[in-house]
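Examining the three-dimensional arrangement
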Amino acid sequence: MTDDALDQMAILAGALPFLKRYDDQIVVVKYGGHAMGEEETALRFGRDIALLEQVGVNPVVVHGGGPQINAMLKRLGVKSSFVQGLRVTDEEMLDVVEMVLAGPVNKQVASAITRAGAIAVGISGKDGGLIQARKLTRTYRDPDSHIERVLDLGFVGEPERVDPRVLQLLIGADIVPVVAPVGVGADGQTYNINADTVAGAIAGALGAERLLMLTDVRGVLGPDGQLIPEMTVAEVKAGIEAGWISAGMIPKVETCIYAVERGVKGAVIVDGRVPHAVLLELFTGTGAGTLIRA
Ligand SMILES: Nc1ncnc2c1ncn2[C@@H]1O[C@H](COP(=O)(O)OP(=O)(O)O)[C@@H](O)[C@H]1O
Ligand SMILES: CC(=O)N[C@@H](CCC(=O)OP(=O)(O)O)C(=O)O
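Since this is a predicted model, take the numbers as computed values, not measurements. (Residues numbered from 1 in each chain as written. Chains lettered and ligands numbered in written order. Predicted model: local features only at pLDDT ≥ 70, side-chain atom pairs only at ≥ 80, totals over all residues. Heavy atoms only, no water.)

With numbering aligned to this structure, UniProt lists the feature "binding site: substrate" (unreviewed entry) at Gly-65, Gly-66, Arg-87 and Asn-192. With the annotated positions falling across 128 residues, the maximum pairwise C-alpha distance of 11.8 Å places them together in a single cluster. Here Gly-65 lies in the loop between strand S2 (58-63) and helix H5 (66-76). When residues no more than four places from it in sequence are discounted, the contact partners of Gly-65 are Gly-33 and Leu-101. Relative to the assigned elements, Arg-87 resides in strand S4 (residues 86-87). Exposure remark for Arg-87: the relative accessible area of 5% places this residue in the buried category. What Arg-87 contacts, discounting residues up to four positions off in sequence, is Gly-66, Ile-69, Asn-70, Leu-73, Ser-80, Ser-81, Phe-82, Met-93, Val-97, Leu-153, Val-156 and Asn-192. A distance of 3.3 Å separates the side chain of Arg-87 from the backbone oxygen of Gly-66, its partner in a polar contact. (UniProt positions renumbered as here; feature names shortened; annotations may be inferred. Helix = DSSP H or I, 4+ residues; strand = E, 2+ residues; numbered from the N terminus. Contact = heavy atoms within 4.5 Å. Buried < 20%, exposed > 50% of the residue type's maximum accessible area, 1.4 Å probe, protein only. Polar contact = N/O pair within 3.5 Å; in protein donor to acceptor, adjacent residues only side chain to side chain.)

Structural data, given as structure tokens:
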């Protein structure tokens with residue numbers, strides 16, 4: 001038995017009460033591009049997801065791939081920019097984003113899970129009408145004129161409607177769905193959507209028991225830099241207002257709020273760099289990151 005399998009066994013040894021709680025429940029796991037790291041990290045993640053499936057949980061994986069898109073853009077010599085944490089996406093950029101997310105990244109994640117003994121199928125939000133999207137409209141206040149202006153990020157979208165039937169079919173057949181965050185408009189236009197947002201929308205539409213957001217920080221850190229194990233929606237909103245929750249953490253906590261307000265029992269931000277982060281979060285009493293509840 002490998003060290004990794006022994007670690008999994010050790011976590012499962014005390015997990016009986018938690019196994020009952022999550023039996024046949026849906027757990028949506030957002031696997032961020034930063035958490036993916038080297039091939040061995042992806043394989044270890046795949047083994048944890050396969051184990052969840054094998055012990056009776058129904059995992060659904062939504063992956064990102066920001067750093068992987070950046071690497072491909074570098075190879076192609078294409079420059080990219082972000083506004084409010086979102087990639088400005090023109091037609092050329094959209095081609096690269098879809099190619100990378102729905103291509104190698106999606107297949108690498110699905111194949112890591114399948115190699116570990118479960119069956120995983122990779123799809124994008126365009127398959128089976130999963131994510132009907134619309135162009136994202138955001139406004140910002142011009143700091144000089146104080147006039148409210150519309151932000152144009154090109155083909156960046158937001159989910160308008162999630163049709164979970166394709167996911168339910170796969171889950172019903174004991175297949176782990178692996179979703180790339182690309183959606184399609186009513187007119188057939190493809191949209192690039194932030195993976196956190198897609199994970200929240202899918203967790204809400206499926207009535208998931210838990211949403212786990214795997215990233216490369218320990219969770220939400222307070223003003224003193226200490227990890228906060230549990231927060232209410234009101235406390236999160238106060239943290240954003242006060243400014244100590246900022247940058248890339250904002251879409252993450254906003255996604256968690258969105259999900260818990262739609263009935264997801266708990267949304268957690270977890271450090272995906274920690275070996276077996278998913279198992280530790282679900283199957284140990286203390287959890288590993290920041291739990292956000294209604
Ligand atoms: N209060 C906070 N606690 C933890 N991280 C925070 C906080 N405020 C801002 N951040 C930033 O948010 C980042 C996580 O978001 P991001 O890099 O977009 O993750 P991912 O690539 O996994 O989607 C952290 O690396 C950190 O720099
Ligand atoms: C609109 C937008 O910004 N889309 C993201 C989609 C991938 C993503 O969200 O990846 P991570 O979770 O690894 O950050 C992008 O183009 O990078």
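In the vicinity of ligand 2 lie 15 residues, with Lys-30, Gly-33, Arg-87, Asn-192 and Ala-195 positioned nearest. Here an oxygen atom of ligand 2 sits 3.0 Å away from a polar atom, N or O, in the main chain of Ala-195. Relative to its unbound accessible surface of 430 Å², ligand 2 loses 91% to contact with the protein. Broken down by secondary-structure element, the contributors of at least two residues to the shell around ligand 2 are H5 and S4. Counting residues per element, the shell around ligand 2 draws most heavily on H5, which supplies three residues. Within the shell around ligand 2, the residues separate by chemical class into six nonpolar, seven polar and two charged. (Near = heavy atom within 4 Å. Areas by Shrake-Rupley, 256 points an atom, 1.4 Å probe, with all protein chains shown as cover. Nonpolar A, V, L, I, M, F, W, Y, C, P; charged D, E, K, R; others polar.)

Our focus in this paragraph is the pairing of strand S13 (residues 210-215). For a regular strand, the rule is simple: side chains alternate between the two faces of the sheet. Within S13, six of the six residues are buried, leaving the element largely enclosed by the surrounding structure. Of the two faces of S13, the one holding Arg-210, Leu-212 and Leu-214 and the one holding Leu-211, Met-213 and Thr-215 are both buried throughout. Judged from the five bridges that link them, strand S1 (residues 26-31) and S13 form a sheet pairing that is parallel. Looking at S13, one finds that Tyr-31 is bridged to Leu-214. (Pairing = 2+ DSSP bridges.)

With that settled, the discussion passes to the UniProt feature "site: Transition state stabilizer" (unreviewed entry) in the protein chain. Under the UniProt annotation, "site: Transition state stabilizer" (unreviewed entry) lies at Lys-30 and Lys-252. Considering the C-alpha atoms alone, the annotated residues occupy 223 residues of sequence yet fold into one spot, their largest mutual distance being 10.2 Å. Checked against the element boundaries, Lys-30 lands in strand S1. Using a relative accessible area of 7% as the deciding quantity, one classes Lys-30 as buried. Dropping the residues within four chain positions of it, Lys-30 is found in contact with Val-62, Gly-64, Ala-195, Asp-196, Ala-199, Leu-212, Met-213, Leu-214 and Lys-252. Within the structure, Lys-30 has its side chain in polar contact with the side chain of Asp-196 (distance 2.8 Å). Note that Lys-252 resides in helix H10 (residues 249-261). Using a relative accessible area of 10% as the deciding quantity, one classes Lys-252 as buried. Ignoring anything within four residues of it in the chain, the contact list for Lys-252 reads Lys-30, Asp-196, Met-213, Thr-215 and Ile-269.

Negative phi characterises most residues that are not glycine, and trans characterises most peptide bonds. Even without being a glycine, Asp-24 presents a positive backbone phi close to 65°. One can find Asp-24 in the loop between helix H2 (16-22) and S1. Positioned with a positive phi, Asp-174 is a non-glycine residue whose angle comes to about 60°. Residue placement: Asp-174 occurs in the loop between helix H7 (165-172) and strand S10 (175-180).

Within the element layout of this structure, Asp-271 appears in strand S15 (residues 266-271). Judged by relative accessible area, Asp-271 falls into the buried class, the value being 8%. A distance of 2.8 Å separates polar atoms of two side chains, one belonging to Asp-271 and the other to Arg-273. Setting aside its immediate chain neighbours within four residues, Asp-271 contacts Thr-215, Asp-216, Val-217, Arg-218 and Ala-277.

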